[in-house]
Amino acid sequence: AFSRKQVLQPRILDLSAVVTDLCRMLPRLIGEDIEVITHSEPGLGRVRVDPGQIEQVLMNLIVNARDAMPRGGKLTLETGNLVLDEMAVAGRPEIEPGRYVLLSVSDTGEGMTPEVQARVFEPFFTTKELGKGTGLGLSTVFGIVKQSDGHVEIVSAPGRGSTFRIYLPQVDEGVDPPQLDTAPSKPTQGSET
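Here the structure is a predicted model, which means the values were calculated and not measured.

Rules behind the numbers
- Residues numbered from 1 in each chain as written.
- Predicted model: local features only at pLDDT ≥ 70, side-chain atom pairs only at ≥ 80, totals over all residues.
- Heavy atoms only, no water.
- Salt bridge = Lys/Arg side-chain N within 4 Å of Asp/Glu carboxyl O.
- Helix = DSSP H or I, 4+ residues; strand = E, 2+ residues; numbered from the N terminus.
- Phe/Tyr/Trp six-rings, centres within 6.5 Å; stacked < 30°, edge-to-face > 60°.
- Buried < 20%, exposed > 50% of the residue type's maximum accessible area, 1.4 Å probe, protein only.
- Polar contact = N/O pair within 3.5 Å; in protein donor to acceptor, adjacent residues only side chain to side chain.
- Contact = heavy atoms within 4.5 Å.

1. Structural notes on the pattern of salt bridges
And step 1. Going through the model one piece at a time under the given rule, you end up with seven salt bridges.
And step 2. A salt bridge links Glu153 to Arg92, with the nearest nitrogen and oxygen atoms 3.0 Å apart. Placement of Glu153 in strand S6 (residues 151-156) and of Arg92 in the loop between helix H4 (86-89) and strand S5 (98-107) is noted, with a sequence separation of 61 residues between them.
And step 3. Taken together, the shared-partner salt bridges in this structure form one network comprising Arg92, Glu153 and Arg165.

Shown next as structure tokens:
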């Protein structure tokens with residue numbers, strides 16, 4: 001994923017539904033000392049992304065936020081519509097003007113220095129102690145977002161927490177119906193040992 005060569009199976013999704021579904025398991029993942037706040041703009045636009053990959057993006061960002069708040073804090077997940085015009089993308093050549101869905105993950109944790117922010121998406125770069133992280137979480141986030149024609153940016157400062165903003169292009173199509181599991185109902189029998 002971090003090399004942006006993974007085969008994706010994109011579908012038309014409502015990101016608010018993905019966030020809502022994921023929030024059901026968050027208390028077990030992040031612990032009781034972190035308050036989770038979610039906000040979704042009504043009438044959220046649709047995006048074309050791989051559902052499993054966007055869940056992985058969210059999980060990686062949430063785990064990093066949790067690790068940045070060892071004494072607890074607030075984790076905020078937000079989705080909203082955004083139109084970026086020529087002025088808004090001036091100085092940001094990697095973003096095209098247009099309609100986007102913004103997915104934002106914010107924490108009230110330790111924050112990052114500009115030096116760390118400059119390297120945070122590099123594969124195997126980590127600020128965690130040995131055995132606590134591989135340095136692949138944020139590089140995977142970057143790869144998945146880029147492969148989905150999106151963009152990710154960071155707003156952070158030491159002692160002020162971090163916000164990761166993911167911009168995904170809006171599509172005008174309706175949400176794809178859930179895919180049914182086509183696996184056989186009975187396991188196939190073999191003679192191998």
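So that's the structure; there's more coming.
2. Description of the packing of aromatic side chains
And step 1. Applying the stated criterion across every chain yields a total of three aromatic pairs.
And step 2. Between Tyr100 and Tyr167, the ring centres sit 6.3 Å apart and the planes meet at 85°, which makes this aromatic pair edge-to-face. Highlighted residues: Tyr100 in strand S5 and Tyr167 in strand S7 (residues 162-171), separated in sequence by 67 residues. Both residues of the pair, Tyr100 and Tyr167, belong to the buried class.
And step 3. Judged by centre distance (6.4 Å) and plane angle (75°), the ring pair of Phe121 and Phe164 falls under edge-to-face. Linking Phe121 in the loop between helix H5 (114-119) and helix H6 (137-147) with Phe164 in strand S7, this pair joins segments that are 43 residues apart in sequence. The exposure classification of Phe121 matches that of Phe164, with both residues buried.
And step 4. Aromatic rings pair up to connect Phe121, Phe142 and Phe164 into one cluster.

3. A few points about the side chain of Ser156
And step 1. By the secondary structure assignment, Ser156 is in strand S6.
And step 2. A polar contact of 2.8 Å, which involves the side chain of Ser156, links it to the side chain of Ser162.
And step 3. Apart from the residues lying within four places of it in its own chain, the contact partners of Ser156 are Gly111, Met112, Gln117, Gly161 and Ser162.

4. Details of unusual backbone geometry
It is generally the case that most residues other than glycine have a negative phi and that most peptide bonds are trans.
And step 1. Despite not being glycine, Asp149 has its phi angle at roughly 65°, a positive value.
And step 2. Here Asp149 is to be found in the loop between H6 and S6.
And step 3. Residue Asp149 is classed as exposed on the basis of its relative accessible area of 61%.

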